[in-house]
Amino acid sequence: MSEHEERSTELLYASEELRKLLSENPGLPLLVFAGQYFCRDQVSACSKIDAYKGEYLDCEHIEVYEEEDYIDKAKFEEDLYDNLYEHFDGTDEEFEVFFKKKLKKYESYWKPAIIVFVE
């Protein structure tokens, strides 16, 4: 085959995994993250897709990194801990109480979702 012959783009994928997630979880919202090369003005197919059932922190969280979308509780907890500790003036014991109280404030904002990454 020469380089000028037509051939498959290989961009069409079997979608059984995503279909299964959607059919098993019909009430869950779909949250899609597009990769860094996504451009609305220039249409092109995504060559990579990953989907799973997870959780999303659905709130504005000014006490951590405002621009971060959290889908990992452990990462959020670590970032919150570091950010609060940096500005806390008190004992370690006082900080632990303070931190647990702040962490609890965010519990109700963790929402289940089908999370999809495309690139």
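Residues numbered from 1 in each chain as written. Predicted model: local features only at pLDDT ≥ 70, side-chain atom pairs only at ≥ 80, totals over all residues. Heavy atoms only, no water.

Student: How should I be thinking about the sheet that holds strand β3 (residues 110–118) in this particular structure?
Tutor: Adjacent strands of a sheet pair through backbone hydrogen bonds, lying either parallel or antiparallel. In spatial order, the strands read β1-β3-β2; together these three strands make up an open sheet with mixed pairing. Strands at the two margins of the open sheet, each flanked by one partner only, are β1 (30–34) and β2 (49–57). The average undirected angle you get between the axes of adjacent strands in this sheet is 35°. Across five bridges, the pairing between β1 and β3 is parallel. The partner of leucine 31 across the bridge, within β3, is isoleucine 115. Contacts between helix α1 (residues 16–24) and the sheet are confined to β1, β2 and β3, with β2 contributing the most and set at about 35° to the helix. (Pairing = 2+ DSSP bridges. Helix = DSSP H or I, 4+ residues; strand = E, 2+ residues; numbered from the N terminus. Axes fitted to C-alpha atoms, helices over the stretch in contact; angles between N-to-C directions. Contact = heavy atoms within 4.5 Å.)

Student: I would appreciate a short explanation of a nonpolar patch on the surface in the present structure.
Tutor: On the surface, a cluster of nonpolar side chains totalling about 250 Å² of accessible area is made up of Leu22, Leu30 and Val32. Relative to the elements of secondary structure, valine 32 occurs in strand β1. (Patch = residues over 30% accessible without salt bridge, like charges linked within 9 Å, V, L, I, M, F, W, Y side chains within 5 Å. Areas by Shrake-Rupley, 256 points an atom, 1.4 Å probe, with all protein chains shown as cover. Salt bridge = Lys/Arg side-chain N within 4 Å of Asp/Glu carboxyl O.)

Student: Looking at this structure, how should I read the pattern of salt bridges?
Tutor: What the rule picks out here adds up to six salt bridges. One salt bridge connects lysine 73 with glutamate 55, and the closest N-O pair in it is separated by 3.5 Å. Taken together, the positions of lysine 73 in helix α2 (residues 73–86) and glutamate 55 in strand β2 put the pair 18 residues apart, joining distant regions of the chain. What makes lysine 73 partly exposed here is its relative accessible area of 42%. Overall, glutamate 55 belongs to the partly exposed group, its relative accessible area being 30%. Taking the shortest distance from any N to any O, the salt bridge between lysine 104 and glutamate 107 comes out at 4.0 Å. Residues lysine 104 and glutamate 107 agree in their burial class; the two are exposed. Where salt bridges share partners, they join Glu63, Lys102 and Lys105 into one cluster. (Buried < 20%, exposed > 50% of the residue type's maximum accessible area, 1.4 Å probe, protein only.)

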